[in-house]
Amino acid sequence: MDKAAREELAQAYAFLGNSLLKPMTQTATVGIDPAFWEAFPTFDDEGIACAVQACAEFARTCAPDDPTAVAVEHTRLFVGPPSPAAPPWETFYRAENVTVGFGQATFEMREVLRTLGLEVRNENNQYEDHIGIELLCLSEICRRRGEGAEGTGSAEGTNDTGAATPPSEARFLDEHLLNWLPAFRTTVAKTAPGGYHDHLLAVAEALTSWHRRELEG
């Protein structure tokens, strides 16, 4: 995968991550602009193209200057009250009948962020294994890999000083997205079928699946 493709991937993941981390009233409203989706990269993949087209069709039904309904859906799904209808943290999908956040996945993601020199700073004190943070983390891994940055290639472990290095794209996808994103999307689809976030997660699932296949090729 060349630098240009990784840059497009990084930008796509950043958009998805930010869109899932904050309600639309606190971030960009381009997600309800059909023109945005018409220009969204599909990497010549049929699955991504279908998911992106569905987002464009959904956007055509929205008022371009009114993100309130999408923000309300975001709050109902991922915030509550009384509790999120679709918990957006990996911890909830790593084992059955989990009802409390901040599990092993949270600690693992905290370590990944540390190896990247990043930390979560937000007014909501969000857990590090939030779907939005994981997608933003993958965006940064792709960006650094595209620029040839040390420690983000196919190898991972420790560097010459013994310090931990960031995971590769493949390892991060396997350990922190592909293992729970499908189940999370299913939960969202059951709660708000055909909604904005259902479509958004379809793009995320198609994109991460394609990305992993490309890394194998």
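Residues numbered from 1 in each chain as written. Predicted model: local features only at pLDDT ≥ 70, side-chain atom pairs only at ≥ 80, totals over all residues. Heavy atoms only, no water.

Concerning the overall build of the chain
Here comes step 1: Helices and strands together make up the secondary structure of the chain, namely 9 helices and 0 strands.
Here comes step 2: Ordered by position from the N terminus, the helices and strands of the chain form the series α-α-α-α-α-α-α-α-α.
Here comes step 3: When burial is assessed residue by residue, the chain has 48% of its 217 residues classed as buried.
Here comes step 4: Counting contacts in the chain only where the partners sit at least 6 residues apart, residues at least 24 apart contribute 68% of the total.
Here comes step 5: In the form shown here, the chain has an accessible surface area of approximately 10700 Å², with 48% of it arising from carbon and sulfur atoms. (Helix = DSSP H or I, 4+ residues; strand = E, 2+ residues; numbered from the N terminus. Buried < 20%, exposed > 50% of the residue type's maximum accessible area, 1.4 Å probe, protein only. Contact = heavy atoms within 4.5 Å. Areas by Shrake-Rupley, 256 points an atom, 1.4 Å probe, with all protein chains shown as cover.)

Observations regarding the environment of H199
Here comes step 1: Within the secondary structure layout, H199 lies in helix α9 (residues 196-216).
Here comes step 2: Remark: the alpha-carbon pair of H199 and V188, spanning 11 residues in sequence, is separated by 9.8 Å.
Here comes step 3: In this structure, H199 is in contact with A54, C55, F58 and G194, ignoring residues within four places of it in sequence.
Here comes step 4: Here G194 takes part through its backbone oxygen, which lies 3.4 Å from a polar atom of the side chain of H199. (Polar contact = N/O pair within 3.5 Å; in protein donor to acceptor, adjacent residues only side chain to side chain.)

Things to note about the environment of E73
Here comes step 1: By the secondary structure assignment, E73 is in helix α4 (residues 68-78).
Here comes step 2: By relative accessible area, E73 is classed as buried at 13%.
Here comes step 3: Distance in space between the C-alpha atoms of E73 and G195 is 7.9 Å, their sequence separation being 122 residues.
Here comes step 4: When sequence neighbours within four positions are dropped, the list of residues in contact with E73 reads A192, G195, Y196 and H197.
Here comes step 5: Only 3.3 Å separates the side chain of E73 from the backbone nitrogen of Y196, close enough to count as a polar contact.

Thoughts on the packing of aromatic side chains
The geometry of an aromatic ring pair is captured by the separation of the ring centres together with the interplanar angle, meaning the angle of the planes.
Here comes step 1: Tallying each qualifying case throughout the model produces 14 aromatic pairs.
Here comes step 2: Ring geometry for F15 and F40: centres 6.4 Å apart, planes at 65°, overall edge-to-face. With F15 in helix α1 (residues 3-21) and F40 in the loop between α2 (34-38) and α3 (46-59), this residue pair connects regions lying 25 residues apart in the sequence. You'll find F15 and F40 in the same group, each marked buried. (Phe/Tyr/Trp six-rings, centres within 6.5 Å; stacked < 30°, edge-to-face > 60°.)

Quick notes on unusual backbone geometry
Peptide bonds are trans in most cases, and residues, glycine excluded, mostly fall at negative phi.
Here comes step 1: For the bond from G80 to P81, the omega torsion is 15°, close enough to zero to count as cis.
Here comes step 2: On the secondary structure map, P81 appears in the loop between α4 and α5 (104-115).
Here comes step 3: Of note, the phi angle at F43 is positive, near 55°, even though the residue is not glycine.
Here comes step 4: Inspection of the secondary structure puts F43 in the loop between α2 and α3.

Description of empty space enclosed by the protein
Here comes step 1: Per the stated rule, a full pass over the model turns up 1 cavity of 30 Å³ or more.
Here comes step 2: Contributing to the lining of the largest cavity are F15, S19, K22, P23, M24, T27, A28, V70, H74, Y196 and H197.
Here comes step 3: Contributing elements (two or more residues each) for the lining of the largest cavity: α1, α4 and α9.
Here comes step 4: Classifying every residue of the lining of the largest cavity gives 6 nonpolar, 4 polar and 1 charged. (1 Å grid on protein atoms, 1.4 Å probe; cavity = no way out; pocket = protein on both sides within 12 Å on 5 of 7 lines; lining within 4 Å. Points joined across faces, edges and corners; volume = space filled by probe spheres on them. Nonpolar A, V, L, I, M, F, W, Y, C, P; charged D, E, K, R; others polar.)

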